[in-house]
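# Fold and geometry: a report
The residues making up each chain are set out below.
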Amino acid sequence: MTVLGVTGQPSRLPGLAVLPLVRMLDRPDPDLRYALALPLTPGEDGARLDAGAERVGRDLRLDLAAYLERAGAKGEAGEVVSVPVIASSETGGRLDEVLLVGTGDGSPAALRRAGAGTARRVGKGTTTVASAVVGAARDEAVRAYVEGYALASYAYSRAAGDDRGPIPLDLHVRRPGQRAEAARRALVTARSVHLTRDLGNEPADVKSPAWLAEVTAAAASAAGLTIRVRDETALAAEGFGGVLAVGQGSVRPPRLIELAYRPSGQGRAPHVVLVGKGITFDTGGISLKPNQGMLLMKMDMAAGAAIIGSMTALRDLDVPVRVTALVAAAENMPSGTAQRPSDVITQYGGRTVEVLNTDAEGRLVLADALAYADRRLNPDAIIDLATLTGAGTMALGKRVAGYYATDERLAAALERASARSGDRIWRMPLVEDYRPAIDSDVADLANIATDKAVGAGSITAALFLREFVGMRPWVHLDMSGPAKTDKDDDDLSRGATGFGVRLLLSWLEAGAPGVRIRS
C-alpha cells in the first residue's frame, strides 16, 4: 500500500528536498540521473522563458527558444516540452533532459496541472527531478505544484515484478525555509489521496468489510485516531438494520467503522460527522447487475475510502475541528440469505423501509449511519459521500460530483473549498415536489421512487437520505462519476481517483467554515 513521505527513502514514493538549485548541483550523487524542470508562461507569440530559464539554456549551450518554436508551445498549464541533454557535473551526476513546463495563468489550479505534467513527462531511467518551476511563488502555488506532481506520480499494479515508483522531486525555490511547510502539507494531502486510491483499487477478493476495518485500524493507529468497529453481532444488538440487510447475502459480514479525531489545544471546536458508503463489492444483490455493470464495483466503497483517507491527514494538518467518521461497509451479494425486493427492513432509529430494488443498497447503509450520527453523536453538521446513483453521472459527467445541501452557509463554504482543492462539485436541487415519490404503501419509505414518471434518481436518493439527518445542517455528495477514471489525465491516474479527500481537507483545514457550533 502506498505511503507518501516528506523525508527519508520510503518505498515507492517521493521524498522532497526544498533546496536552492546550486546545492543540488554542488552535491550530486555520482549515480544520479536527473531532469531539470523550468517554467514557461504564455506570451503573445507563444510560450515564453523567464530570465532564469534562459540563463540555464546558455550554460548548457542549448537554444531552448528554438525548441519551443519547433514544438509550437503556448505555455498552457501542464504543457511540457522535453529537451534531451547529456551533461555531467564535475563531481558526478548526469542531466538527461530539460523539461520546459507550462504554468498557464499561474493560479493554483494551473500549477497543479504543471506539477502533474512534470511527473508524467519524466524519461525512463531518470532518478530525480530538479524543479525550479515555482522558484519565486507563494505558499499556495508551491503546495499546488507539489500536490499535482505527487498525485500524477501514483500508479497501482499487482503485476508480478512491477516495482514502479514515483521519481523523487527536488523543489528549488526562493526562501525555501518559508515554503517547506507548504510542500509538506501538499504531501500530507497527496499521501491521503494515495491511500484512498489504493483502497479503491484493491481487488474485491481481498477487500471484504472485515479487511477494510483492519486496514483502517492500522491507519488510524498511525494517524492518532481512535477507532471502534462494530461487527455483525454488535450491529444486530444496536439496531443497524440497513447495514445488516445489505450484507446478509454475503458470507463476509458487514462492519460499521467509527473513527474519531479531536484537535489538540482547542476550546469548543465545531463537531463534524463524515459518513461514507463502503460497499466493498456491489453485484446489485437479487436485483442483479449485468456483468459489464459489475466490472468497477470493487470501487463502490470509494466514498468510504475518501473518508478514511481524509481522517488520516487531520493530525498532520493540525485541523482545528473535531471530526467523527462513519464508514458503513458491506458486500452486496445474491444468495439464499440475501434480502429480496419487497422486504421491509427497520433502519437505525426505527423507521421502516420497503426495499423495492436491492441494487439501491447504498442509501440503506448510509441511512443507518446518518440516523446514528443525528441521534447519538450530536454533530454541528453532517456530510455524507457516496457513489450512489448513475443518474448523478448522467447529469454531470465524470469530473464533477453533484451535491445537495440543507444549509446555505455550509454549501457556500464547500463551494469555496472545491475551487481551492480541484475536487469539483455542483449544487443540485432538493425538489420538494418529488418527495412523495419515495412514499411506500407498507412502510415509512421506499428505497426507490414508486412514481416512475418522476425520474430524477439522484434527487430522490438525496430526499431519502434527508429523512435520516433530523434538523441538522447536512450535505450529500453523489460522487459516482468522479470516483474513478479510465485513463491517466492531469493529476488523475487510471482507476480510483481519490475524489473527495482534497475537498474535505481544504474545508476542514480552514476550520469548517459555514458550521455553527450548536449550544
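Everything numeric in this text was worked out from a predicted model, so none of it was measured.

### Some details on the overall build of the protein chain
Scanning the protein chain for helices and strands turns up 16 helices and 20 strands. Its C-alpha radius of gyration of 24 Å places the protein chain within 12% of the 24 Å reference for a compact globule of 519 residues. Along the longest, intermediate and shortest principal axes, the C-alpha atoms of the protein chain span 80 × 50 × 45 Å. Taken over 519 residues, the protein chain has a buried fraction of 58%. Once local pairs closer than 6 in sequence are excluded, the contacts in the protein chain between residues at least 24 apart make up 76%. Summed over all atoms, the accessible surface of the protein chain reaches about 21000 Å², with 49% contributed by carbon and sulfur.

### Structural notes on helix 2 (residues 51-59)
Of the positions making up helix 2, those classed as buried are Ala53, Val56 and Gly57. The buried residues of helix 2 occupy one face: seen down the axis, they fall within an arc of 100°. The outward face of helix 2, more than 90 degrees from its buried face, is lined by the exposed residues Ala51, Arg58 and Asp59. Contacts made by the buried residues of helix 2 are with strand 2 (33-43), strand 3 (46-49) and helix 3 (64-71). Between a side-chain oxygen at the N-terminus of helix 2 and the backbone nitrogen of Gly52 the separation is 3.2 Å; the capping residue is Asp50. Arg61 occupies a position one or two residues after helix 2 and carries a positive phi of about 60°.

### Comments concerning the confidence of the model for the protein chain
In the predicted model, the protein chain carries a mean pLDDT of 90, and 91% of its residues have values of at least 70. The low-confidence segment residues 1-27 (pLDDT under 50) makes 68 contacts with residues lying over four places distant or belonging to another chain.

### A look at the pattern of salt bridges
Opposite charge on two side chains permits pairing when their charged atoms draw close. Here the structure, examined in full by the defined rule, presents 35 salt bridges. A salt bridge links Arg268 to Asp380; the nearest nitrogen and oxygen atoms lie 3.9 Å apart. With a gap of 112 residues between them, Arg268 in the loop between strand 9 (255-261) and strand 10 (271-282) and Asp380 in the loop between helix 12 (362-377) and strand 14 (381-386) connect regions that are remote in the sequence. With relative accessibility at 52%, the residue Arg268 sits in the exposed group. Asp380 sits in the buried class, given a relative accessible area of 2%.

### Side note on the sheet that holds strand 14
With mixed pairing, the 8 strands of this open sheet are ordered in space as 8-9-11-10-14-18-15-16. Two strands bound the open sheet, and with one partner strand each, they are strand 8 (226-230) and strand 16 (424-427). Strand after strand, the sheet turns through a mean of 20° between neighbouring axes, direction not considered. The pairing of strand 14 with strand 18 (residues 474-478) spans 5 bridges and is classified as parallel. The residue of strand 18 that forms the bridge with Ile383 is Val475. Together, strand 8, strand 9, strand 10 and strand 11 (322-332) form the strand contacts of helix 7 (residues 209-222), whose direction differs from that of strand 9 by roughly 15°.

### Here's the deal with the nonpolar core
Counting residues in hydrophobic clusters, the biggest one holds 91 residues, and the most contacted among them are Met311 and Trp507. Judged by nonpolar contacts, the second largest core, of 43 residues, contains Leu235, Val365, Ala367 and Ala462.

### A word on the packing of aromatic side chains
Taken as a whole and judged by the stated rule, the model has 4 aromatic pairs. In textbook terms, an aromatic cluster arises when at least three aromatic residues are bridged by ring pairs, as seen for Phe240, Tyr348 and Tyr372. Its end group placed over the ring of Tyr67, Arg70 keeps NZ or CZ at 5.3 Å from the ring centre. The cationic tip of Arg351 hangs over the ring face of Phe468; the distance from NZ or CZ to the ring centre is 5.9 Å.

### Focus: helix 5 (residues 139-152)
Compared with the 20 Å implied by 1.5 Å per residue over 14 residues, the 20 Å span of helix 5 between its first and last C-alpha is a close match. For helix 5, a buried count of 12 out of 14 residues is recorded, marking the element as mostly surrounded by other parts of the structure. Residues Ala141, Val142, Arg143, Ala144, Tyr145, Val146, Glu147, Gly148, Tyr149, Ala150, Leu151 and Ala152 constitute the buried set of helix 5.

### Considering the pairing of strand 11
The buried count for strand 11 comes to 10 of 11 residues, which makes it a mostly enclosed element. Across 7 bridges, strand 9 lies against strand 11 in antiparallel orientation. Residue pairing for strand 11: Ile257 is matched across the bridge by Val327. Two strands pair when backbone bridges link them, and strand 10 and strand 11 are joined in this way by 11 bridges, in the parallel orientation. Across the sheet, Gly276 pairs through a bridge with Val327, a residue of strand 11.

### Examining the sheet that holds strand 17 (residues 445-446)
Sheet architecture is open: 3 strands sit in the order 12-13-17, paired in mixed fashion. The sheet is open, and its two edges are formed by strand 12 (344-346) and strand 17, each paired on a single side. With 3 bridges joining them, strand 12 and strand 13 (residues 352-354) adopt antiparallel strand pairing. From the neighbouring strand, Ile345 faces strand 13, where its bridge partner is Val353.

### Topic: the packing of helix 4 (residues 108-120) against helix 5
Relative orientation of the contacting elements helix 4 and helix 5 amounts to 35°, with a least axis distance of 7 Å. Two packed elements cross with a definite hand, and for helix 4 against helix 5 that hand is right-handed. Counted together, Pro108, Leu111, Arg112, Ala114, Gly115, Ala116, Thr118, Ala119 and Arg120 of helix 4 and Glu140, Ala141, Ala144, Tyr145, Glu147, Gly148, Tyr149 and Ala152 of helix 5 form the full contact between these two elements. For the contact of helix 4 with helix 5, the per-class residue count stands at 10 nonpolar, 3 polar and 4 charged.

Reading the values: the criteria
- Numbers given for residues are sequential positions, taken from 1 along each chain in its written order.
- This being a predicted model, a pLDDT of at least 70 is required before a residue's local features are given, and a value of 80 or more before pairs of side-chain atoms are given or counted; all residues contribute to the totals for chains, interfaces and linings.
- With hydrogens and water excluded, all non-hydrogen atoms of the structure serve as input to the side-chain values.
- Helix numbering and strand numbering both begin at the N terminus, where a helix is a DSSP run of H or I of at least 4 residues and a strand a DSSP run of E of at least 2.
- We compute the radius of gyration from the C-alpha atoms alone; for a globule the expected value is 2.2 Å times N to the 0.38, where N is the number of residues.
- Buried residues are those whose accessible area, probed at 1.4 Å on protein chains only, stays under 20% of the maximum for their type, while exposed residues exceed 50% and partly exposed ones sit between those limits.
- Contacts: residue pairs with any heavy atoms within 4.5 Å of one another.
- Each accessible area value is a Shrake-Rupley result obtained with a 1.4 Å probe; residue values ignore everything except the protein chains displayed when judging cover.
- What the arc measures is the spread of directions leading from the helix axis to the C-beta atoms.
- Distance and chemistry together define a polar contact, namely a pair of N or O atoms within 3.5 Å, with one atom able to donate a hydrogen and the other to accept it when in protein, and with adjacent residues in sequence counting only for side-chain atoms on both sides.
- Per residue, pLDDT captures the predictor's confidence, and it can take any value from 0 to 100.
- In what follows, salt bridge is the name for a side-chain nitrogen of Lys or Arg lying within 4 Å of a carboxyl oxygen of Asp or Glu.
- Paired strands are those between which DSSP finds at least two bridges.
- Angles run from 0 to 180 degrees between N-to-C directions of axes, and those axes are lines fitted to C-alpha atoms, restricted for helices to the stretch in contact.
- Residues belong to one nonpolar core when they are buried, are Ala, Val, Leu, Ile, Met, Phe, Trp, Tyr or Cys, and are joined through side-chain atoms within 4.5 Å.
- Note on ring pairs: Phe, Tyr and Trp rings are taken, using the six-membered ring of Trp, and paired if centres are within 6.5 Å. Classes follow the plane angle, with under 30 degrees stacked, over 60 edge-to-face and the rest tilted.
- Whether a charge sits over a ring comes down to the Lys NZ or Arg CZ being within 6 Å of the ring centre and within 35 degrees of the ring normal.
- To estimate how far a helix should reach, multiply one less than its number of residues by 1.5 Å.
- Working rule for handedness: look at the near helix, and if it is turned counterclockwise from the far one by less than a right angle, call the crossing left-handed; if clockwise, right-handed.
- Polar here means any residue outside two lists: the nonpolar Ala, Val, Leu, Ile, Met, Phe, Trp, Tyr, Cys and Pro, and the charged Asp, Glu, Lys and Arg; Gly therefore counts as polar.

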